[in-house]
Amino acid sequence: MKKDKSFRPDRVLSYFRVEWFPLLLVTLSGLVYNIGLLAAPWFEGRLAQCLADILGGSETAAQMALLVLAYIAVTLLVQAARFIKRFYVRRFANNINRRMKGILYANLVRQSRAALEKEGAGELMTKAISDVDDCVEGMRKFTTEVFDTGVALAGYAVMLLVYDWRLAILGLLFTPVSYVCAAGMKKPVQRAGAAYKKAAGALSSATLDRARNAVTYRIYGCEEARMEKYEEALSLYEKTAVRNNVWQSALPPLYLAASEAGTLFILWFGAKNVLGTGWSSWDIAAFTTFLSCFTKLVVKSSKVAKLFNAVQKAEVSWKRIRPLMKTPEQLDALQIPAAQDVTLKELAFSYGEEPVFSGLSLTAHPGDIIGITGPVACGKSTFGRVFLCEAPYQGSVCFGGRELSTLTPRQIAATVGYLGHDPELSADTVQNNVLCGSEQDAMPWLAAAALKEEVLAMEKGTETVIGSGGTRLSGGQAQRLALARTLAHPRPVLVLDDPFSALDRSTEDAIFAELQAYARDKVVFLISHRLYHFPQMQQIIFMEGGRTTVGTHEELMAAVPVYRQLYESQTGLKGGEGA
Ligand SMILES: Nc1ncnc2c1ncn2[C@@H]1O[C@H](COP(=O)(O)OP(=O)(O)OP(=O)(O)O)[C@@H](O)[C@H]1O
């Protein structure tokens, strides 16, 4: 995609402007095609007249053959122009589709995790695929009809006016009426389209949910309940789709019928013209040409009514995607800062009224590993996500002298390495999952995550494809692969949320030893339910009931009975034995 500073992704006209070249060719070939179309009624009239003359004995078959040959030659030329026009209209539509999808995807993937989750996968997919397609289809139709049908309509109208201007005006009175009707129906058509899109998004979400969790729903016997939910989404989809289709397809034939009412005048007054008692004096050729021209004009003009529908549909989709159509932020190369102290002061976080935790203060130096533990749902993961700054926190988190929340998303990405519960693996090779496209050697990072031997045993080593979301891997392998990816992209602050939950003790020991070496120039926050290695950490944060206690392992063993009990029950050691 070429860069163009004046291009505005949120303006439809901008897309037309950048595609000026295919549009120019569409216009030129459209002009030739549509002016050429006028030849058809003219030739039809001449042929009818020639036949009458042959029967009357004033013309020969040779004259008819000449006319037919000329008709075929003109038709070939017109069809060649039509081919060029169609080719460039398709090209114009494809270029815009690619450009729009590029912009939409770039902005979609840079939305915050919370915004993406709120919208849901089904809605996102509907926007990213079908809404863009509908917008482009509307633009394609508009281009074809305005640059193409508009010219033909004008040509036919001029021809009718030349033959008999009074009859032309009378016959054409009905066409604007059908346009006014189409414009008047805009609101209900758009409403039906918007409802259909919403239902399509909900159905996609329900389908994804059922496919993703099919086994769980079967095992726990909730298939029936899910089925009902799915059926609800399906019925709503069907209902809105039918309603939308009715609005979309029932109206154009009505517009056509309204326009065709003018034929009655042409038959009546046209016959008078031929008989010499009308407004003009016509022969058979003039009558046939006029009628053929009028029919073609009406059919063409019904396409304009269809165009209203397509444009209205495109408007619905455009409204949905427009907030995402902005120039994607230009991403500079990541500037990874040097390690510095991390200072928390009176840190608190709340999703609603009540804080999940509060009053958390500590200073961590490069080389420190800080352990975070506590009972389930006490706020450990919430604490970890504070470093991503996706939602505002209270108090302060400083990296060196700078408040984390004042950094740009790009600066935060360069400062904080984060590994959450979900390994977020892609359906790609082991190599690409670790190094995300880089050609460097992935083995040192796989070794640091205690995964090297298992990868070497795979049929294609680091080139083994791990399946969608890592389905070919065990839970522990997936967890370690995600850890290898996090380690391969070093940052001065590292947040690891329960990275050992699916590992056995000896694997955990091996990884922790690697982590200690790795963390020499970093601050690591390690969230875990397993306390075996907590005596080797510089500080511990114990969270419970919204309160936080900070200290060394020994201090917490002395001061927090719950922590002491947890540690002793897991290790079988008493007091500070493990330290
Ligand atoms: N996005 C959210 N919106 C509202 N409440 C949330 C959200 N995420 C978590 N919570 C709530 O915050 C509390 C702490 O959740 P969190 O995931 O931080 O706990 P945790 O200590 O990591 O739990 P676990 O040990 O089970 O992993 C829980 O009560 C949870 O329901």
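Just so it is clear, the structure is predicted and the values come from calculations on it, not from any experiment.

Rules and cut-offs
Residues numbered from 1 in each chain as written. Predicted model: local features only at pLDDT ≥ 70, side-chain atom pairs only at ≥ 80, totals over all residues. Heavy atoms only, no water. Helix = DSSP H or I, 4+ residues; strand = E, 2+ residues; numbered from the N terminus. Rg over C-alpha atoms; globule rule 2.2 N^0.38 Å. Buried < 20%, exposed > 50% of the residue type's maximum accessible area, 1.4 Å probe, protein only. Contact = heavy atoms within 4.5 Å. Areas by Shrake-Rupley, 256 points an atom, 1.4 Å probe, with all protein chains shown as cover. Lys, Arg positive; Asp, Glu negative; His and termini not counted. Charge placed at Lys NZ, Arg CZ, Asp CG, Glu CD. Patch = residues over 30% accessible without salt bridge, like charges linked within 9 Å, V, L, I, M, F, W, Y side chains within 5 Å. Salt bridge = Lys/Arg side-chain N within 4 Å of Asp/Glu carboxyl O. Near = heavy atom within 4 Å. Polar contact = N/O pair within 3.5 Å; in protein donor to acceptor, adjacent residues only side chain to side chain. Nonpolar A, V, L, I, M, F, W, Y, C, P; charged D, E, K, R; others polar. Domains from an automatic or database assignment. Core = buried A, V, L, I, M, F, W, Y, C linked by side-chain atoms within 4.5 Å. Phe/Tyr/Trp six-rings, centres within 6.5 Å; stacked < 30°, edge-to-face > 60°. Lys NZ or Arg CZ within 6 Å of the ring centre and 35° of its normal.

1. A short note on the overall build of the chain
For the chain, the helix and strand inventory stands at 22 helices and 10 strands. Computed over its C-alpha atoms, the radius of gyration of the chain comes to 36 Å, more than 25% above the 25 Å expected for a compact globule of 579 residues. With respect to the three principal axes, the spread of C-alpha positions in the chain is 125 × 50 × 45 Å. For the chain, the proportion of its 579 residues judged to be buried stands at 45%. Counted over contacts in the chain with a minimum sequence separation of 6, partners at least 24 positions apart contribute 75%. Within the structure as shown, the chain displays about 29,100 Å² of accessible surface, and the carbon and sulfur contribution to it stands at 60%. Here the chain carries 62 positive and 56 negative side-chain charges, and the mean point of each set is 9 Å from the other.

2. With respect to a nonpolar patch on the surface
Residues Trp20, Phe21, Leu24, Leu28, Leu31 and Ile35 make up a contiguous nonpolar surface patch of roughly 610 Å² in combined accessible area. Mapped onto the elements of the fold, Leu28 is located in helix α2 (residues 20–37).

3. Things to note about the site of the ligand
In the neighbourhood of the ligand, the contacting residues comprise Tyr351, Val356, Val376, Ala377, Cys378, Gly379, Lys380, Ser381, Thr382, Arg385, His421 and His529. Take His529: an N or O atom from its side chain is 3.0 Å from an oxygen atom of the ligand. About the coverage of the ligand: the protein hides 56% of its 630 Å² of free accessible area. The dominant element in the shell around the ligand, judged by the number of residues it contributes, is helix α14 (residues 380–386), at four residues. When its residues are assigned to classes, the shell around the ligand shows five nonpolar, five polar and two charged.

4. Structural notes on the domain arrangement of the chain
Assigned domains within the chain: domain 1 (12–324) and domain 2 (342–571). Using only C-alpha atoms to locate each centre, domain 1 and domain 2 end up separated by 56 Å.

5. A short note on the nonpolar core
In terms of nonpolar packing, the biggest core is built from 44 residues, with Val430, Val434, Leu446, Leu481, Leu526 and Tyr563 touching the most fellow members. Ranked by the residues each element gives to this core, the list is headed by helix α19 (residues 475–487), at six residues. Residues in contact with Tyr563, not counting those within four places in the same chain, are Thr373, Leu531, Phe534, Ile540, Phe542, His553, Leu556 and Met557. Leu344, Val416, Ile541 and Met543 belong to the second-largest nonpolar core, a separate cluster that totals 30 residues.

6. Observations regarding the packing of aromatic side chains
What the rule picks out here adds up to 20 aromatic pairs. Ring geometry for Phe87 against Tyr88: centres 5.0 Å apart, planes inclined by 85°, an arrangement best described as edge-to-face. Relative accessible area serves as the criterion here: at 41%, Phe87 is assigned to the partly exposed category. With 5.8 Å between their ring centres and 70° between their planes, Phe383 and Phe525 make a pair best called edge-to-face. With a gap of 142 residues between them, Phe383 in helix α14 and Phe525 in strand β8 (residues 523–527) connect regions that are remote in the sequence. For the pair Phe383 and Phe525, one class covers both residues: buried. For Arg46, the ring lying beneath its charged end belongs to Trp42, and the centroid distance is 6.0 Å. Directly above the ring of Tyr230 sits Arg210, whose terminal nitrogen or CZ lies 5.1 Å from the centroid.

7. Points about a negative patch on the surface
Taken together, the side chains of Glu223, Glu224, Glu228 and Glu232 make up a negatively charged region of the molecular surface. Relative to the elements of secondary structure, Glu228 occurs in helix α11 (residues 223–260).

8. What to know about the environment of Val376
Relative to the helices and strands, Val376 resides in the loop between β3 (369–373) and α14. Residue class for Val376 comes out exposed when judged on its relative accessible area of 67%.

9. Concerning the pattern of salt bridges
Taken as a whole and judged by the stated rule, the model has 15 salt bridges. For Glu508, the salt bridge goes to Arg530, with nearest N and O atoms at 2.5 Å. With a gap of 22 residues between them, Glu508 in helix α20 (residues 505–518) and Arg530 in the loop between β8 and β9 (539–544) connect regions that are remote in the sequence. Accessibility classification places Glu508 together with Arg530 in one group, the buried group. Several salt bridges converge on common partners, so that one network encompasses Asp131, Asp134, Lys197 and Arg320.

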